[in-house]
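Chain and residue survey
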Amino acid sequence: MTVPPAVVTADELNEFLRDAFPGAPRGYGIEAVTELGVRLRAPIGPENQRPGGTVSGPTMMSLADAGAWFATLSRVGIVPLAVTSTLTINFLHKPELVDLVADAELLRLGARSSLTEVRIFSGDGGPLVAQATVGYSIPS
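Please read all numbers here as calculations on a predicted model, not as lab measurements. (Residues numbered from 1 in each chain as written. Predicted model: local features only at pLDDT ≥ 70, side-chain atom pairs only at ≥ 80, totals over all residues. Heavy atoms only, no water.)

With respect to the pattern of salt bridges
Formally: Whenever a carboxyl oxygen of Asp or Glu lies within 4 Å of a side-chain nitrogen of Lys or Arg, that contact is scored as a salt bridge. Each helix is a run of DSSP H or I of at least 4 residues and each strand a run of E of at least 2, with the numbering of both proceeding from the N terminus.
As enumerated under the stated definition, the model contains six salt bridges in all. A salt bridge links Asp 103 to Arg 39; the shortest N-O distance between them is 2.7 Å. In this pair, Asp 103 sits in strand β6 (residues 100-109) while Arg 39 sits in strand β2 (residues 37-42), placing the two residues 64 residues apart along the sequence. Notably, a salt bridge pairs Glu 117 with Arg 119, separated by 3.2 Å at the nearest N-O pair. What emerges from the salt-bridge pattern is a single network uniting Glu 31, Arg 41, Asp 99 and Asp 124.

Below, the structure is given as C-alpha cells:
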C-alpha cells in the first residue's frame with residue numbers, strides 16, 4: 001500500500017496530546033512522523049514495572065495503541081473520535097527497564113478505518129520486544 005503524505009507534524013501531534021489530556025501524566029511522545037507512520041518514545045519509570053524486573057504488558061499495549069492512533073492522525077488530521085477497533089499484541093522478549101521506542105507503520109488507510117503494525121523496541125537499537133497489529137475506526 002502507498003501511504004499518503006502526512007498532514008500533521010510531530011509537534012502538532014504532541015500539542016494535541018497535551019491539550020486533549022490536560023493534567024494527565026503523559027508517558028510517551030511522538031519523536032517523528034515518518035514516511036509510513038510515526039515513531040514514539042515511552043520513558044520507563046517505576047510505575048511501568050512489573051514483578052520480575054521488566055516492563056508491564058499494559059505499558060506496551062498502551063504504547064502500541066497510541067502509535068496506531070498517531071500514525072492514523074498523522075495522515076487524516078486531528079480526528080479526536082478515532083477509536084481502537086482491534087488490538088492484537090505479541091510479546092517477544094523481556095524488555096529491560098529502559099525507554100521503549102515504537103515504530104508504527106500504516107498497513108491500510110481507508111476512509112473509515114486504518115490498520116497499523118507497531119514494533120516496540122527496548123531502548124535505542126535494542127531488541128524487538130513486542131509486535132502489535134492495531135485497527136482504528138475513523139468517524140465520517
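Back to the text.
Observations concerning helix α2 (residues 57-76)
Spelled out, the test is: Multiplying 1.5 Å by the residue count of a helix minus one yields the expected span of that helix. Three exposure classes are used, based on accessible area relative to the maximum for each residue type with a 1.4 Å probe and protein chains only: buried under 20%, partly exposed in between, and exposed over 50%.
Taking 1.5 Å per residue as the helical rise, α2 with its 20 residues ought to reach 28 Å, and the 29 Å between its terminal C-alpha atoms agrees with that figure. The element α2 is extensively covered by neighbouring structure, given that 15 of its 20 residues are classed as buried. Count one or two residues on from α2 and you reach Gly 77, which has phi positive near 95°.

Topic: a negative patch on the surface
Defined as follows: For patch detection, residues must exceed 30% relative accessible area and be free of salt bridges, and they are connected within 9 Å for like charges or within 5 Å for nonpolar side chains (Val, Leu, Ile, Met, Phe, Trp, Tyr). For the area figures, the Shrake-Rupley method with a 1.4 Å probe applies, and any residue is considered shielded solely by the protein chains shown. Lys and Arg are tallied as positive, Asp and Glu as negative. Neither His nor the chain termini are counted. Positions of charges follow a simple convention, taking NZ of Lys, CZ of Arg, CG of Asp or CD of Glu.
A grouping of Asp 11, Glu 12, Glu 15 and Asp 19 is seen on the molecular surface, where their side chains present a negatively charged patch. Note that Glu 15 resides in helix α1 (residues 10-20). Given the relative accessible area of 43%, Glu 15 is considered partly exposed.

Points about the nonpolar core
In plain terms, the rule: To define a nonpolar core, start from buried Ala, Val, Leu, Ile, Met, Phe, Trp, Tyr and Cys residues and group those joined through side-chain atoms within 4.5 Å. Whether two residues are in contact is decided by their heavy atoms, any of which lying within 4.5 Å being enough.
Grouped together as the largest cluster of nonpolar side chains are 35 residues, with contacts concentrated most on Val 38, Leu 40, Met 60, Phe 70, Leu 100, Val 118 and Ile 120. Put simply, the parts of the chain that give this core at least two residues each are α1, β2, α2, β6, β7 (113-122) and β8 (128-137). Sorting elements by how many residues they give to this core places α2 first, with nine residues. Setting aside residues up to four positions removed in sequence, Val 118 forms contacts with Ala 64, Ala 68, Ala 102, Asp 103, Ala 104, Ala 130, Gln 131, Ala 132 and Val 134.

Some thoughts on the sheet that holds β8
Within a sheet, adjacent strands bond to each other through the backbone by hydrogen bonds, running parallel or antiparallel. Spelled out, the test is: Paired strands, in this sense, are two strands between which DSSP finds at least two bridges. Axis geometry follows a simple rule: fit a line to the C-alpha atoms, using only the stretch in contact for helices, then measure angles between N-to-C directions, giving values from 0 to 180 degrees.
Read from one edge to the other, the open sheet built from six strands follows the order β1-β2-β6-β7-β8-β5, with strand pairing classed as antiparallel. Pairing within the sheet leaves two strands with one partner each, and these edge strands are β1 (29-33) and β5 (83-91). The sheet shows a mean angle of 20° between the axes of neighbouring strands, taken without regard to direction. Relative to β6, β2 runs antiparallel, the two sharing six bridges. Counted as the bridge partner of Val 38 is Ala 104 from β6.

Observations concerning the packing of α1 against α2
Counted only if it meets this: Here the word oblique covers every angle except those under 35 degrees (roughly parallel), over 145 (roughly antiparallel) and from 65 to 115 (roughly perpendicular). Helix crossings fall into two classes, left-handed where the near helix is turned counterclockwise from the far one by less than a right angle and right-handed where it is turned clockwise. Polar here means any residue outside two lists: the nonpolar Ala, Val, Leu, Ile, Met, Phe, Trp, Tyr, Cys and Pro, and the charged Asp, Glu, Lys and Arg; Gly therefore counts as polar.
Contact pair α1 / α2: the axes reach a minimum separation of 11 Å and the direction vectors enclose 120°. Overall, the two elements α1 and α2 adopt an arrangement that is oblique. The crossing of α1 and α2 is right-handed. Note on element contacts: α2 touches α1 through Trp 69, Phe 70, Leu 73 and Ser 74, opposite Leu 13, Phe 16 and Leu 17. Here the contact of α1 with α2 is built from residues that sort into six nonpolar, one polar and no charged.

As for the pairing of β6
Of the strand pairs in this sheet, β6 and β7 are connected by nine bridges, and their pairing is antiparallel. Bridged to Ala 104 within β7 is Val 118. With antiparallel pairing between neighbouring strands as the criterion, β6 and β7 make up a hairpin whose turn holds three residues.

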